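Okay, here's what each chain looks like letter by letter:
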Amino acid sequence: MPVDMPMSMPTLLPMAVQLLDAVVGIEVRAYPFPWSRANFVDSIAAGHLTHCLVAPDGELLGYQVAMAGFEEWHLLNVTISPDHQGRGLATQLLHRLIDHARSTGAEWLWLEVRPSNVRARRLYAHLGFAEIGVRRGYYPDAAGRREDALVLRLPLQPAVTAEDAAWT
Ligand SMILES: CC(C)(COP(=O)(O)OP(=O)(O)OC[C@H]1O[C@@H](n2cnc3c(N)ncnc32)[C@H](O)[C@@H]1OP(=O)(O)O)[C@@H](O)C(=O)NCCC(=O)NCCS
């Protein structure tokens, strides 16, 4: 669903309802177990932080959804269109989230990732996330069983050292 925006650089917009067709279109291509449209509607209704990255021609390039907690944030979804991966777009989106989370005074940004998602794990490692735990059987897998989730967190404030981030 094109959005008419004559700009030279991708722009960041909140996830409005009129972007949801494009969001779900990317989601079903990007994941074997995609979020449903209702999941995104619920996130918007809950007031979660949402960012959509939109190209100058109106094409949706990617999006993220994050939830605020007490002195922490939780990344719920970050996805880049399969047509635009490997261009630094997720890095760009996540920096925006990190800056926002930091500005709220929060101490940590948390996320879960499949151990098999090597690309995403490398991206998070580059951004400074530390793998600190495992949630057993968190995700469904293609064989009808469950896959564990790695739990990662990023320290947001200077007082929190890299050693703190990697506690066991
Ligand atoms: C994981 C995902 C979000 C990464 O998005 P992305 O935009 O491709 O990520 P980036 O481009 O920012 O970084 C990925 C790689 O591209 C490289 N890169 C950054 N800028 C680049 C550029 N201008 N040109 C080429 N490559 C670049 C990065 O160095 C990084 O390299 P690496 O693979 O060696 O780590 C994306 O692959 C995706 O949507 N996957 C499906 C959904 C998913 O798994 N989401 C995460 C769930 S936890």
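Above this text is the structure in question.
From a predicted model like this one, the values you see are computed outputs, not experimental measurements.

**Side note on the site of the ligand**
Move 1: Surveying the vicinity of the ligand reveals 19 residues, the closest of which are Gln85, Gly88, Ala90, Thr91 and Arg122.
Move 2: Among the elements of the structure, strand E4 (72-80), helix H3 (89-103) and helix H4 (118-127) are those that each provide at least two residues to the shell around the ligand.
Move 3: Tallied by class, the residues present in the shell around the ligand amount to nine nonpolar, seven polar and three charged.

**Looking at the sheet that holds strand E7 (residues 146-155)**
Strands pair in a sheet through their backbones, by hydrogen bonds, and they do so in one of two ways: parallel or antiparallel.
Move 1: Ordered by their spatial adjacency, seven strands build an open sheet running E1-E2-E3-E4-E5-E7-E6, and the pairing between neighbours is mixed. The open sheet has two free edges, formed respectively by strand E1 (11-13) and strand E6 (130-140), since each of these has just one partner strand. Each neighbouring strand pair of the sheet contributes to a mean axis angle of 25°, computed without reference to strand direction.
Move 2: Of the strand pairs in this sheet, E4 and strand E5 (residues 108-113) are connected by three bridges, and their pairing is parallel. The residue of E5 that forms the bridge with Glu72 is Trp108.
Move 3: This element, helix H1 (residues 20-30), spans strand E3 (60-69) and E4 of the sheet and lies at about 90° to E3.
Move 4: Contacting E5 and E7, H4 crosses the sheet at an angle of about 165° to E5.

**Section: the environment of Phe40**
Move 1: For Phe40, the position within the fold is in helix H2 (residues 37-45).
Move 2: With residues near it in sequence (within four places) discarded, Phe40 still touches Met15, Leu20, Val23 and Trp35.

Cut-offs used in this document
Residues numbered from 1 in each chain as written. Predicted model: local features only at pLDDT ≥ 70, side-chain atom pairs only at ≥ 80, totals over all residues. Near = placed C-beta within 6 Å. Helix = DSSP H or I, 4+ residues; strand = E, 2+ residues; numbered from the N terminus. Nonpolar A, V, L, I, M, F, W, Y, C, P; charged D, E, K, R; others polar. Pairing = 2+ DSSP bridges. Axes fitted to C-alpha atoms, helices over the stretch in contact; angles between N-to-C directions. Contact = placed C-beta atoms within 7 Å.

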